[in-house]
Amino acid sequence: MEDKSLQDYRDQIDGIDSQIVKLFADRMTLANRIAQYKHDHDLVVIDMKREREKLAQVFEQAPENVREYAPLLYSLMLELSRSYQYGVMGVGNELTERIKNAIRDTPQLFPSRITAACQGVEGANSQIACDRLINGAKIMYFSNFEGVFAAIENGFCKYGVIPLENSLAGSVNQVYDLMQRHQFYIVRSIRQKIDHNLLVKPGVKLEEIREVYSHQHALSQCAQFLSTLKDVKIIPCENTAVAAERVATGTRRDVAALASRPCVKLYGLECLKSCVQDKDNNYTRFICISKDLEIFPGANRTSLMVSLSHEPGSLYKVLARFYALGVNLIKLESRPLPDRDFEFMFYFDLETSVYSPRFIQLMGELQGVCDSFTYLGSYSEMI
């Protein structure tokens, strides 16, 4: 056998690749004609029976040493072909029309000096985020997330500001569930640095403290610091600012709160220790939500919730569409569905301009490959 160099092998691969590219182009040309035929005869793009038969045929035809790989290649080609046909046919649905209308009808500037709902009290991180998201906002406070959604649902305010995820604790699943139940939309978001500070009544010393109040997440994020406090009881409460208020209004001097820095001035407290969280990269994403679908200029992030069938390749079919249309996936998170065995809800954040035709095409396609599909809105994120 004649010895060949690495370059010789690469030259052969380049020759084969040239043939593959030509054959791929020929295949997509035929896909175009099929799309036109389906459009003219009012046929759907997806033909799952045909695709299953094709993959089984490929598996049988492939040599044994590549038999496991060939169906993967053809699965991608089928997804690309399907996406191409959608583009040719201009497939749309009720959602894509609402998105187009929202892009057209939403005001150019985000409103200011309007009423918004938040969970907590003055000094909570939600209030700080609300002030940053909505200039001059008048805030209505509620004790829980359900109250925020109910206020918007009943027309007491147009917007609400709530936490969606934390860099350490992960997503707030309750918020996702409420978004889906109420069919609300994200219209803006902000990424906010979270610092936890040990606040006390003026003059109280560290060794005097016997109880520390805060939200459960704040307590867990400051576990290392709290472990250094001897004979101190840790007491969770509904909000970090509520903890600060409880310390300020109570009669005891041996209590402290883990809360935000603005609570010092707001409640007349003293900061005994600053930034006592275990990790400094503690950020929370807060979202501004609305009952109405609004897409403000510059929106380049889209959030989705989908559930998929419990079968091989179901997630791949969704991810392949992102790849085929050049959409960047910046978040993928899953959690089990409590009422369905071995099935999951997936959260996606996509980075793509809403003005791109590929974005509209993607929104038109995804509903056909998901068991359930919830569009949570398109928006821009403040840093």
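Residues numbered from 1 in each chain as written. Predicted model: local features only at pLDDT ≥ 70, side-chain atom pairs only at ≥ 80, totals over all residues. Heavy atoms only, no water.

*Asks:* Please set out the pattern of salt bridges residue by residue, giving values where relevant.
*Replies:* If you walk through the whole model with that rule in mind, you get 21 salt bridges. We note a salt bridge from Glu153 to Lys291, for which the minimum N-O separation is 3.1 Å. Note that Glu153 is positioned in helix 6 (residues 145-153) and Lys291 in the loop between strand 11 (283-290) and strand 12 (301-307), a separation of 138 residues in sequence. Owing to a relative accessible area of 40%, Lys291 belongs among the partly exposed residues under this scheme. Where Glu211 meets Arg252, a salt bridge forms, and the shortest distance between an N and an O atom there is 3.2 Å. Here the residue Glu211 occupies a position in strand 7 (residues 211-214), and Arg252 occupies one in the loop between helix 10 (240-249) and strand 9 (255-259), the gap between them amounting to 41 residues. Salt bridges sharing common partners tie together Glu165, Arg285, Arg301, Lys331, Glu333, Asp349 and Glu381. (Salt bridge = Lys/Arg side-chain N within 4 Å of Asp/Glu carboxyl O. Helix = DSSP H or I, 4+ residues; strand = E, 2+ residues; numbered from the N terminus. Buried < 20%, exposed > 50% of the residue type's maximum accessible area, 1.4 Å probe, protein only.)

*Asks:* If you had to explain the packing of aromatic side chains to someone new, which residues and values would you point to?
*Replies:* Using the criterion set out here, one finds 7 aromatic pairs in the structure. For the pair Tyr185 and Tyr375, a centre-to-centre distance of 6.2 Å together with 50 degrees between the ring planes defines the contact as tilted. You can see Tyr185 sitting in strand 5 (residues 185-193) and its partner Tyr375 sitting in strand 15 (residues 372-379), a full 190 residues away along the chain. The same class applies to Tyr185 and to Tyr375, which are both buried. Three or more aromatic residues joined by ring pairs make a cluster, and in this case those are Phe110, Tyr159 and Phe296. Sitting above the plane of the Phe59 ring, Arg67 keeps its charged end 5.5 Å from the centroid. (Phe/Tyr/Trp six-rings, centres within 6.5 Å; stacked < 30°, edge-to-face > 60°. Lys NZ or Arg CZ within 6 Å of the ring centre and 35° of its normal.)

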